[in-house]
Amino acid sequence: MNLSSRAIAILLSLLVAGVLTTFAWVGPTLPFRQAFLTGGVTIAACFLLVYLSFEALIFREINNIYAGLENIKRKEFRKLSNRFLFRPEPLKRIRDEILQMAERRQREIDELKRLQVLRREFLADVSHELKTPIFAAQGFLHTVLDGDVDDEFLRQKFLKKAATSLDTLDALVQDLVTIAQLEKGVVRLRKQPFDLTILVQEIFEQLEFKAAQRQVTLELSLPNPASTSVYVLADRNRIRQVLVNLIDNAIKYGREAGHVVVSLIAGNKAVNIRVHDDGEGIAKQHQSRIFERFYRIDKSRSRDSGGSGLGLAISKHIVEAHKSTIRVRSEVGQGTTLEFKLTKLRSSTINVESDQHQSS
């Protein structure tokens, strides 16, 4: 029987009133000694009745608190959802507050554990990424310095490989510095009006050789074929860095002899930029993590084939610095689309800019 504190109080009141009424009715007809003894028994009975009742109530609520805490430890939060309603009983209100506080602390502990795992993974990845070019350059240089290579041609070849490894190390460190600066917000964007179509075409020319190696066709899709200009207000160099990363990944992970399509969809206030490839796609469990530093879907890929894993992380921070968000839409076997928005430049502003450029 699960009685509330109010019901127990009413029941106790009736029992005590009944006992006292019986004593008041019987007491005057008894001798003094018997009446005194009966009064003592009545007080003891009322004390035991009140004490045991409230002990049972309090212990029951404490047991319920412990049961709720066990559910929180097991992360069975759904079992507690129907218990967190407002209740006038003070013990139950205290119990609900304790359980709510314990649930919040448990979620914080789980989040800290998740962040600790990510920190360990990051330290392991960055150590591996830094060691790979360092050990390669170290090996080539020591081979030359030890005099194991007498042929001048081989010596030059080893020195070039060492230089390449050091260049790779320098690029990796520069990427890490860029991410740190973007996260701290110390990088100032130099926003200016520019034509996105010209920028995309420049990037196509830059990546043309890499696309030809995989027989990938690069295509630019415009909202209005009659108008070949799409002006935005953004940091051109930073957006170039984002598009190079996205298009390069599309070429790398898209289907061989496939298509990479960059679509510019102009709205009233913004331009939606989409980069689509027809590759294998990205599984759902990886989509929320591809923007993490050094994260690779295929852990077996080498650094040369998979990159350092910093490109998408840098792109995410650059896009967020432009007050936008980079999103991924992908289905396994149906390719991947990465998209973000930039502020569209008004036609009147474009005309003013062009007039100023002509006058200068």
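Predicted, not measured: the structure shown is a model, and the values here were computed from it.

Procedures and definitions
Every chain's residues receive numbers from 1 upward, in the order its sequence appears when written. With pLDDT at 70 or above as the cut-off, local features in this predicted model cover only qualifying residues; side-chain atom pairs require 80 or more to be listed or tallied, and sums for whole chains, interfaces and linings still use all residues. Excluded from the side-chain calculation are hydrogens and water; included are all heavy atoms of the structure. Each residue is assigned to one of three classes by its accessible area relative to the maximum for its type, calculated with a 1.4 Å probe on protein chains only: buried under 20%, partly exposed between the two thresholds, exposed over 50%. Secondary structure elements are defined from DSSP: runs of H or I of at least 4 residues count as helices, runs of E of at least 2 residues count as strands, and each element is numbered from the N terminus. When DSSP finds two or more bridges between a pair of strands, those strands are recorded as paired. Residues belong to a common nonpolar core when they are buried Ala, Val, Leu, Ile, Met, Phe, Trp, Tyr or Cys residues joined through side-chain atoms within 4.5 Å. Each domain's limits were defined by an automated method or a database of domain assignments. Any pair of residues with heavy atoms lying within 4.5 Å of one another is described as a contacting pair. To obtain an axis, a line is fitted to C-alpha atoms, over the contacting stretch when the element is a helix, and the angle between two such axes runs from 0 to 180 degrees between their N-to-C directions. Here the word oblique covers every angle except those under 35 degrees (roughly parallel), over 145 (roughly antiparallel) and from 65 to 115 (roughly perpendicular). We call a crossing left-handed when the near helix sits turned anticlockwise from the far one by less than a right angle, and right-handed when that turn is clockwise. Under the grouping applied here, Gly and all other residues not named as nonpolar or charged are polar, the nonpolar ones being Ala, Val, Leu, Ile, Met, Phe, Trp, Tyr, Cys and Pro and the charged ones Asp, Glu, Lys and Arg. By definition here, a salt bridge exists when the distance from a side-chain nitrogen of Lys or Arg to a carboxyl oxygen of Asp or Glu is within 4 Å. Surface patches are drawn from residues lacking salt bridges whose relative accessible area is over 30%; two like charges belong together within 9 Å, two nonpolar side chains (Val, Leu, Ile, Met, Phe, Trp, Tyr) within 5 Å. All accessible areas in this document rest on Shrake-Rupley with a 1.4 Å probe, and a residue is counted as covered only by the protein chains that are shown. To estimate how far a helix should extend, the number of its residues minus one is multiplied by 1.5 Å. Each polar contact in these results corresponds to two N or O atoms within 3.5 Å; when the atoms are within protein, one needs to be able to donate a hydrogen and the other to accept it, and residues that are neighboring in sequence are counted only if both atoms are side-chain atoms.

Peer 1: Please set out the pairing of strand β6 (residues 327–330) residue by residue, giving values where relevant.
Peer 2: In the case of a regular strand, side chains alternate between the two sheet surfaces. What you see with β6 is a clean split: Val328 and Ser330 sit on the buried side and Arg327 and Arg329 on the side with no burial. Sheet topology note: the β6/strand β7 (residues 336–343) ladder contains 4 bridges and is antiparallel. Note on β7: the bridge partner recorded for Arg327 is Glu339. The hairpin formed by β6 and β7 contains 5 residues between the paired strands, and Gly333 there has a positive phi angle of roughly 90°.

Peer 1: Lay out the nonpolar core in plain terms, naming residues and giving numbers.
Peer 2: Counting residues in hydrophobic clusters, the biggest one holds 46 residues, and the most contacted among them are Leu196, Ile239, Leu243, Leu246, Ile247, Ile273 and Phe340. Elements supplying a minimum of two residues to this core: α4 (152–184), α5 (196–206), β3 (231–235), α7 (236–253), β4 (259–266), β5 (270–277), α10 (311–321) and β7. Ranked by residue count, the leading element in this core is α7, at 8 residues. A domain-level breakdown of this core finds at least three residues from each of domain 2 (93–184) and domain 3 (194–350). Ile239 has contacts with Phe194, Leu196, Leu199, Ala234, His322, Phe340 and Leu342, leaving out every residue within four places of it along the chain.

Peer 1: Residue-level account of the packing of α7 against α10, with values.
Peer 2: At their nearest, the axes of α7 and α10 sit 9 Å apart, and the two run at 140° to each other. By the criterion of interaxial angle, the relationship of α7 to α10 is oblique. Between α7 and α10 lies a crossing of left-handed hand. Of α10, the residues touching α7 (which contributes Arg238, Gln241, Val242, Asn245, Leu246 and Asn249) are Gly311, Leu312, Ile314, Ser315, Ile318 and Val319. Classifying every residue of the contact of α7 with α10 gives 6 nonpolar, 5 polar and 1 charged.

Peer 1: So what's going on with the sheet that holds β4? Residues and values would help.
Peer 2: Pairing within the open sheet is mixed, and its 5 strands lie in the order β2-β4-β5-β7-β6. Looking at strand neighbours, the two that pair on one side only are β2 (217–221) and β6, the edges of this open sheet. Ignoring which end each strand starts from, the neighbouring axes of this sheet average 20° apart. Bridging between β4 and β5 involves 7 bridges; their strand directions are antiparallel.

Peer 1: Tell me about the environment of Leu233, and name the residues and values.
Peer 2: Among the secondary structure elements, Leu233 is positioned in strand β3. Sequence separation between Leu233 and Gln192 is 41 residues, and the spatial gap between their C-alpha atoms is 5.3 Å. Among all residues touching Leu233, those that are not within four sequence positions of it are Lys191, Gln192, Pro193, Thr343 and Leu345.

Peer 1: Please set out the pattern of salt bridges residue by residue, giving values where relevant.
Peer 2: Overall, the coordinates contain 13 salt bridges when judged by the stated rule. For Glu202, the salt bridge is made with Arg236, and the minimal N-O distance between the two is 3.2 Å. Within this pair, whereas Glu202 is found in helix α5, its partner Arg236 is found in helix α7, the two being separated by 34 residues in sequence. For Glu202, a relative accessible area of 30% puts it in the partly exposed group. A salt bridge links Glu339 to Arg329, with the shortest nitrogen-to-oxygen separation between them at 2.8 Å. With Glu339 in strand β7 and Arg329 in strand β6, this pair connects stretches of sequence that are 10 residues apart. Residue class for Glu339 comes out buried when judged on its relative accessible area of 10%. Beyond isolated ion pairs, a larger network of salt bridges with shared partners links Glu202, Arg236 and Arg240.

Peer 1: Lay out the packing of α4 against α10 in plain terms, naming residues and giving numbers.
Peer 2: Contact geometry of α4 with α10 gives a least axis separation of 10 Å together with a crossing angle of 30°. Overall, the two elements α4 and α10 adopt an arrangement that is roughly parallel. As for the relative orientation of α4 and α10, their crossing is left-handed in sense. In this structure, α4 uses Asp175, Thr178, Ile179, Leu182 and Glu183 to contact α10, whose residues at the interface are Ala313, Ile314, His317 and Ile318. By residue class, the composition of the contact of α4 with α10 is 5 nonpolar, 2 polar and 2 charged.

Peer 1: An account of a nonpolar patch on the surface is needed here, citing residue identities and associated values.
Peer 2: On the surface, Leu141, Leu145, Leu159 and Leu166 cluster together into a nonpolar patch covering about 360 Å² of accessible area. Among the secondary structure elements, those contributing two or more residues to the nonpolar patch are α3 (90–145) and α4. Tracing the chain through its elements places Leu141 in helix α3.

Peer 1: An account of unusual backbone geometry is requested, with residue identities and associated values reported.
Peer 2: In this structure, Gln215 is a non-glycine residue whose phi angle is positive, near 55°. Looking at the element boundaries, Gln215 is found in the loop between α6 (208–213) and β2. With a phi close to 60°, Ala257 is a non-glycine residue in the positive phi region.

Peer 1: Could you give an account of α7, naming the residues involved and the relevant values?
Peer 2: Spanning 18 residues, α7 covers 25 Å between terminal C-alpha atoms, matching the ideal 26 Å at 1.5 Å per step. When α7 is considered as a whole, its buried residues turn out to be Arg236, Ile239, Val242, Leu243, Val244, Asn245, Leu246, Ile247, Asp248, Asn249, Ala250 and Ile251. Two to three positions downstream of the cap, the backbone nitrogen of Asn237 sits 3.2 Å from a side-chain oxygen, assigning the N-cap of α7 to Asp235.

Purely geometric stuff here, so don't read any function into it on its own.
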